[in-house]
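Descriptive analysis of the structure
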Amino acid sequence: MANILVTGGAGYIGSHTCLELLNAGHEVIVFDNLSNGSGESLRRVEKLANNSLDFVQGDIRCQDELDRVFQNYQIDAVIHFAGLKAVGESQQIPLTYFDHNIAGSIQLFKSMQKAGVFSLVFSSSATVYGELNPSPYQEDMPLSLPNNNYGYTKLVIEQMLEKMALADARWSIALLRYFNPVGAHKSGQIGEDPRGIPNNLMPYVTQVAIGRREKLSIFGHDYPTKDGTCERDFIHVVDLAKAHVLALSNRLNNQGCRAWNIGTGAPISVLQIKETFEKVNGVQIPTEFAERRSGDLPAFYADASRAKNELGWQPQYTLEDMLADSWNWQKHNPNGFS
Ligand code: NAD
Ligand code: WQD
């Protein structure tokens, strides 16, 4: 069992991953500035795991704070979630995104190197495949520039990590390319709690269902897809969290830099999400069709065979589980963690 530093561990995917790490017997140290995460999520993780973790409040852009963590704890590996993730916002304030995501990651990698810690799992995204690759996306496809600044930061960090691993064989790096994470832990105790108006589809749907938003706008219904709405590869956050535990043990025993898609491989349309959510949960989602959202691709989904073959990872949860668990979380926490 290992001591794992989890940056951004108080956020949506981070909190679910901390729970899986504790359940697998690891020691967990969370480093998070709480700009979009919550201390309450970590208290609930501890309760669910019946085990404790350590929390250090700090910012990955601050080298001293990071160095102190590596001095105070004997860290074996790092899972790096911390960063900003709102695509639209990244178009308004690119420099802030470059600072948190790129500069912050560089500080982290420097602290790791100084401390002699070379095992890393990095939160990447399907966005690195850019606009030109056909689905299903495969890991060895040439990457291309994403059409937004958020995606650009993920591509830059991936490329930096590859170059670092080429230059120094001590690095062992997993690039996990998430597709569209949704759902929540079955307990309904932890889940996605976006601040302000949700950017992503699923929290918007659940906030309409709970009455916090009036109606769902479906962005575009004339795409070249089966029902005219966009298609995405939705992945249950608990399946995603488990992929981190597997990637971690793979990296603790291997060298180099390796990418894995983490998706189900099944394209699901936005309309299908709305209709299945209503059916599974017995709740109506008032909906209107609206203009296409700038920058949206019609459809993308994963070829997830590499993760299956190399990590032994396979998603366990169905679309119905994802939608039931998202609603279960929202229903029991109408205002999130607050
Ligand atoms: P989140 O916002 O819930 O979690 C990110 C956490 O990082 C938050 O707790 C926040 O407080 C913290 N943080 C932000 N900037 C920080 C900084 N400078 N220093 C320290 N902590 C900081 O997001 P999430 O959905 O859990 O995503 C986690 C990671 O996965 C992110 O890197 C994101 O880009 C990536 N990702 C997310 C999705 C998605 O759809 N949710 C998809 C692909 C990749
Ligand atoms: C999904 C579909 C929308 C909201 C983004 C990032 C990607 C990754 C995951 C981090 C699209 C439609 C949405 C709404 C809608 N993040 N939609 N009404 O854009 O596939 O991916 O999050 O790495 O990089 O780009 O996810 O949830 O925003 O949208 O119709 O109110 O739902 O148009 O077709 P997306 P999303």
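Residues numbered from 1 in each chain as written. Chains lettered and ligands numbered in written order. Predicted model: local features only at pLDDT ≥ 70, side-chain atom pairs only at ≥ 80, totals over all residues. Heavy atoms only, no water.

So, on to the overall build of the protein chain. From N to C terminus, the protein chain includes 11 helices and 13 strands. At 19 Å, the protein chain has a C-alpha radius of gyration in line with the 20 Å of a compact globule built from 338 residues. Each principal axis of the C-alpha distribution contributes one length, and for the protein chain these read about 55 × 45 × 40 Å. Taken across its 338 residues, the protein chain has 56% of its residues classed as buried. Within the protein chain, residue pairs in contact and separated by at least 24 positions form 79% of the contacts whose partners lie at least 6 positions apart. Surface summary for the protein chain: the accessible area is close to 14300 Å², and the carbon and sulfur share equals 47%. The distance from the centre of the 29 positive side-chain charges to the centre of the 37 negative ones in the protein chain is 1 Å. (Helix = DSSP H or I, 4+ residues; strand = E, 2+ residues; numbered from the N terminus. Rg over C-alpha atoms; globule rule 2.2 N^0.38 Å. Buried < 20%, exposed > 50% of the residue type's maximum accessible area, 1.4 Å probe, protein only. Contact = heavy atoms within 4.5 Å. Areas by Shrake-Rupley, 256 points an atom, 1.4 Å probe, with all protein chains shown as cover. Lys, Arg positive; Asp, Glu negative; His and termini not counted. Charge placed at Lys NZ, Arg CZ, Asp CG, Glu CD.)

Moving on, we come to the site of ligand 1. Taken together, 26 residues are adjacent to ligand 1, and Asp32, Asn36, Phe81, Lys85 and Tyr150 come closest. In this structure, an oxygen atom belonging to ligand 1 sits 2.8 Å away from a side-chain N or O atom of Lys85. The separation between a nitrogen atom of ligand 1 and a polar side-chain atom of His100 is 2.9 Å. Protein contacts shield 96% of the accessible area of ligand 1, which totals 820 Å² for the unbound molecule. Counting residues per element, the ones that place at least two in the shell around ligand 1 are helix 1 (12-23), strand 5 (119-125) and helix 6 (149-167). In terms of residues, the shell around ligand 1 owes the most to one element, strand 5, which gives 3 residues. Its residues placed into classes, the shell around ligand 1 shows 10 nonpolar, 12 polar and 4 charged. (Near = heavy atom within 4 Å. Polar contact = N/O pair within 3.5 Å; in protein donor to acceptor, adjacent residues only side chain to side chain. Nonpolar A, V, L, I, M, F, W, Y, C, P; charged D, E, K, R; others polar.)

A few words now on helix 7 (residues 201-209). Among the 9 residues that make up helix 7, 7 are buried, leaving the element largely enclosed by the rest of the structure. Within helix 7, the full set of buried residues consists of Met202, Pro203, Val205, Thr206, Gln207, Val208 and Ala209. At the exit of helix 7 stands Gly211, carrying a positive phi of roughly 95°.

Let us look at the environment of Lys186. Positionally, Lys186 belongs in the loop between strand 7 (180-182) and helix 7. Spatially, the C-alpha atom of Lys186 lies 33 Å from that of Leu155, the residues being 31 residues apart in sequence. If we skip the residues at most four places from it in the chain, Lys186 touches Tyr317, Asp321, Asp325 and Asn328.

Close contacts around ligand 2 come from 19 residues, with Tyr150, Leu201, Ser217, Arg232 and Asp296 the closest. In the environment of ligand 2, an oxygen atom lies 3.1 Å from a nitrogen or oxygen atom belonging to the side chain of Asn200. Between ligand 2 and Phe219 there is a distance of 2.9 Å, counted from an oxygen atom to a backbone nitrogen or oxygen. Put simply, the parts of the chain that give the shell around ligand 2 at least two residues each are helix 7 and strand 8 (216-219). Sorting elements by how many residues they give to the shell around ligand 2 places strand 8 first, with 4 residues. Tallied by class, residues from the shell around ligand 2 come to 10 nonpolar, 6 polar and 3 charged.

Below, the discussion takes up the sheet that holds strand 6 (residues 172-178). Strand order in this open sheet of 7 strands is 3-2-1-4-5-6-11, and the pairing throughout is parallel. Strands with a single pairing partner mark the edges of an open sheet, and in this sheet they are strand 3 (54-57) and strand 11 (256-262). Ignoring which end each strand starts from, the neighbouring axes of this sheet average 20° apart. Bridge count for strand 1 (residues 3-7) against strand 2 (residues 27-32) is 5 bridges, and the pairing is parallel. Within strand 2, the position partnered with Ile4 by the bridge is Val28. Sitting on the sheet, helix 3 (residues 63-72) touches strand 1, strand 2, strand 3 and strand 4 (77-80), and the angle it makes with strand 2 is about 170°. (Pairing = 2+ DSSP bridges. Axes fitted to C-alpha atoms, helices over the stretch in contact; angles between N-to-C directions.)

Moving on: the nonpolar core. If you look at the biggest cluster of nonpolar residues, it comprises 42 residues, and the most contacted ones within it are Ile4, Leu21, Val28, Leu53, Leu176, Ile262 and Trp313. For Leu53, the residues in contact, after removing those within four places along its chain, are Cys18, Leu22, Val28, Val30, Leu42, Val45 and Glu46. (Core = buried A, V, L, I, M, F, W, Y, C linked by side-chain atoms within 4.5 Å.)

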